[in-house]
2 protein chains.
Amino acid sequence: MRLTILLMDGFTALDIVGGYEVLANVPGTETEFAAQAQGLVWADSRRLALHAWRSFAELSSTDILYVPGGPGVAAALNDNEMIETIRRLHETSTWTVGICNGVELLGRAGLLDGKQVTTNWGCRDRVRAYGAAVNSQRFHRDGKLVTGAGVSASIDAGLFLVQLLRGPELAATLQLGIEYYPAPPLPYRSPEEAPAQSQALIRHNEQNGPRRIKALRPPV
Amino acid sequence: MRLTILLMDGFTALDIVGGYEVLANVPGTETEFAAQAQGLVWADSRRLALHAWRSFAELSSTDILYVPGGPGVAAALNDNEMIETIRRLHETSTWTVGICNGVELLGRAGLLDGKQVTTNWGCRDRVRAYGAAVNSQRFHRDGKLVTGAGVSASIDAGLFLVQLLRGPELAATLQLGIEYYPAPPLPYRSPEEAPAQSQALIRHNEQNGPRRIKALRPPV
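Think of each chain on its own: its residues are numbered from 1, step by step along the sequence as written. Throughout, the order in which chains and ligands are written sets their labels, letters from A for the former and numbers from 1 for the latter. Residue-level local features of this predicted model are given only where pLDDT is at least 70; pairs of side-chain atoms are given and counted only at 80 or more, and the full residue set underlies all totals for whole chains, interfaces and linings. Hydrogens and water molecules were not included; the side-chain quantities draw on all heavy atoms of the structure.

Things to note about the pairing of strand β10 (residues 139-142) of chain B
Residues and elements named next belong to chain B.
Inference 1: Here, a strand pair is defined by DSSP locating no fewer than two bridges between the strands. Only DSSP runs of H or I reaching four residues or more are called helices, and only runs of E reaching two or more are called strands; each is numbered from the N terminus. Of the pairings in the sheet, the one linking β10 to strand β11 (residues 145-148) comprises four bridges and is antiparallel in character. Opposite D142, over in β11, you have L145 as the bridge partner.
Inference 2: Between the antiparallel neighbours β10 and β11 lie two residues, among them G143 with a positive phi of about 65°.

As structure tokens, this is what we get:
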């Protein structure tokens, strides 16, 4: 089973690693990291870089297509090769996963019309504009589409997909493998419960994300 | 504020990225990834690689020393340069963070004698052997040591440290930024509640981890 994780400049690392950490541990999975060109791809922090060891041109098919989000999505929406790669691989995939605002990329590729999905708390309206019904679940399945809410929801969405792929026994084992028995130190249990000031700050940061990452240079 | 994340061959990616995703977003943080040599460092899957853009020799001091775990810890315990780097940077740090079996590395560096810590569910006895009292909390503080349980506990430990650094308002904001309102799809709420078969499998995998990663070659 092939798991293909697409990287774009300015991704959010936990969007990727939460799902990767469970899906890559499903026995028999071959995981690949792909980007427009082989080499380093820098996260939104400009301090963390993942290595893409496949280029989009090398990809012909996959079993699980995995599209993460981050401030880099704004530019990726206008990147024809990225959008065409998503469309092309989705035609071959058994499952297509979108996390956070990576779900917008699925929309731009024309995969969301009439579908029900979840996405990052801050971009529900933008996803609706692609013809999708958007809910506020942590993860959601519609046909072969599995979508996750923001960033850390990649873990929950990943475990949910493991359950769909191989049943609850393996999902329980992988949940133990990553010791996912969360105990967030803050008491808020949904974006809507977070302090109003936090909501305003995160909305501001997300609006300014694309400009912010342009201004930050990677250290090498 | 400098955050220094140490990488060793065979790290577990979520041990790093969970904590990184909150700590690197504390305003004013300069995050650096360091390893014995600059360049790619491969995770336990041999498919994901992070880029270390500092070598241990370049590091002279830090504010937050961050030591992750993974199957690579077994070899790192016998790596004098890694252990000496931990000892040397801990002397300068305001906070030292150990996640998962990365806590063993703190023990080998002589930092745990008489301390209370948490660690990966599977290596509590090995950590006790360094003179520490080990509890089963998700995160724990003793003086300037902040330790986390396995893998995904890096998120909770990271948010806990943000709270210590800057108070609950910023921690709430960063918790919203990563939408950390977990809803694990499986019902088990502690390692001890996981099915016995899962516990046996994970114990087996963790014992065989160092051998398994030796047998897997990175794709490049």
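Considerations on the packing of helix α1 (residues 13-23) of chain A against helix α6 (residues 153-166) of chain A
When two helices pack together, their arrangement is given by the angle between the helix axes and by the axis-to-axis distance.
All names here are of chain A.
Inference 1: Think of each axis as a best-fit line through the C-alpha atoms, taken over the contacting stretch in the case of a helix, with angles from 0 to 180 degrees between the N-to-C directions. Packing of α1 against α6 leaves a shortest axis separation of 7 Å and a crossing angle of 30°. Taken together, the axis directions place α1 and α6 in an arrangement best described as roughly parallel. Handedness of the α1/α6 crossing: right-handed. Where α1 approaches α6, its residues L14, D15, G18, G19, V22 and L23 are matched on the opposing element by S154, I155, G158, L159, L161, V162 and L165.
Inference 2: Residue classes follow a fixed rule: Ala, Val, Leu, Ile, Met, Phe, Trp, Tyr, Cys and Pro count as nonpolar, while Asp, Glu, Lys and Arg count as charged, and any other residue, Gly among them, counts as polar. Of the residues contributing to the contact of α1 with α6, the split by class is eight nonpolar, four polar and one charged. We call two directions roughly parallel when the angle between them is under 35 degrees, roughly antiparallel when it is over 145, roughly perpendicular when it lies between 65 and 115, and oblique otherwise. By definition, any crossing whose near helix is turned counterclockwise from its far helix by less than a right angle is left-handed, and any crossing with a clockwise turn is right-handed. Two residues qualify as a contact provided that any one of their heavy atoms is within 4.5 Å of a heavy atom in the partner residue.

Some thoughts on the pattern of salt bridges
All names here are of chain A.
Inference 1: Should a side-chain nitrogen of Lys or Arg be within 4 Å of a carboxyl oxygen of Asp or Glu, the pair is scored as a salt bridge. Taken as a whole and assessed by the stated rule, the structure comprises 18 salt bridges over all chains.
Inference 2: Of the charged contacts, one joins R2 and E32 as a salt bridge, the two residues approaching to 2.9 Å between their closest N and O atoms. Pair noted here: R2 is in strand β1 (residues 2-6) and E32 is in strand β2 (residues 30-35), with a separation of 30 residues, a long-range link.
Inference 3: A salt bridge links R128 to D125, with the nearest nitrogen and oxygen atoms 2.7 Å apart. Note that R128 and D125 are positioned in helix α5 (residues 124-128) at a spacing of three residues, about one turn of the helix.
Inference 4: Summary of the burial criterion: residues with accessible area below 20% of their type's maximum are buried, those above 50% are exposed, and those between are partly exposed, where the area comes from a 1.4 Å probe applied to protein chains only. Judged by its relative accessible area of 40%, R128 is partly exposed.

Some remarks on the sheet that holds strand β10 (residues 139-142) of chain A
Residues and elements named next belong to chain A.
Inference 1: The seven strands lie next to each other as β5-β2-β1-β6-β7-β11-β10, forming an open sheet whose pairing is mixed. A strand with exactly one partner marks an edge of an open sheet, and here the two such strands are β5 (54-55) and β10.
Inference 2: As judged from the five bridges shared by β1 and β2, these two strands associate in the parallel manner. Its bridge partner being in β2, R2 is matched across the sheet by E30.
Inference 3: Where α1 meets the sheet, it contacts β1, β2, β6 (64-67) and β7 (95-99), and its direction lies at approximately 155° from that of β6.
Inference 4: The sheet contacts of helix α3 (residues 80-92) involve β1, β6, β7 and β11 (145-148), and relative to β1 the element is tilted by about 165°.

With respect to helix α8 (residues 196-215) of chain A
Inference 1: A helix is expected to span 1.5 Å multiplied by its residue count minus one. Counted at 1.5 Å a residue, the expected span for α8(A) with its 20 residues is 28 Å, and the 28 Å between its end C-alpha atoms agrees.
Inference 2: Values of bend correspond, residue by residue, to the angle between axes fitted over the seven residues ending at that residue and the seven starting there. Along its length, α8(A) shows its largest kink, about 60°, at A:G209, and proline A:P210 lies within four residues downstream of that point.
Inference 3: Taken together, the buried positions of α8(A) are occupied by A:S198, A:Q199, A:I202, A:N208, A:G209 and A:I213.
Inference 4: Its buried side turned inward, α8(A) meets α7 (168-177) of chain B.

Topic: the interface of chain A and chain B
Inference 1: In this assembly, 63 residues from chain A lie in contact with 64 residues from chain B.
Inference 2: Between the two partners, chain A and chain B, sit two salt bridges.
Inference 3: B:R47 is the salt-bridge partner of A:E30, the closest N and O atoms lying 3.3 Å from each other.
Inference 4: Among the secondary structure elements, those contributing two or more residues to the side of chain A that touches chain B are α1, β2, β3 (39-42), β4 (49-52), α6, α7 (168-177) and α8 of chain A.

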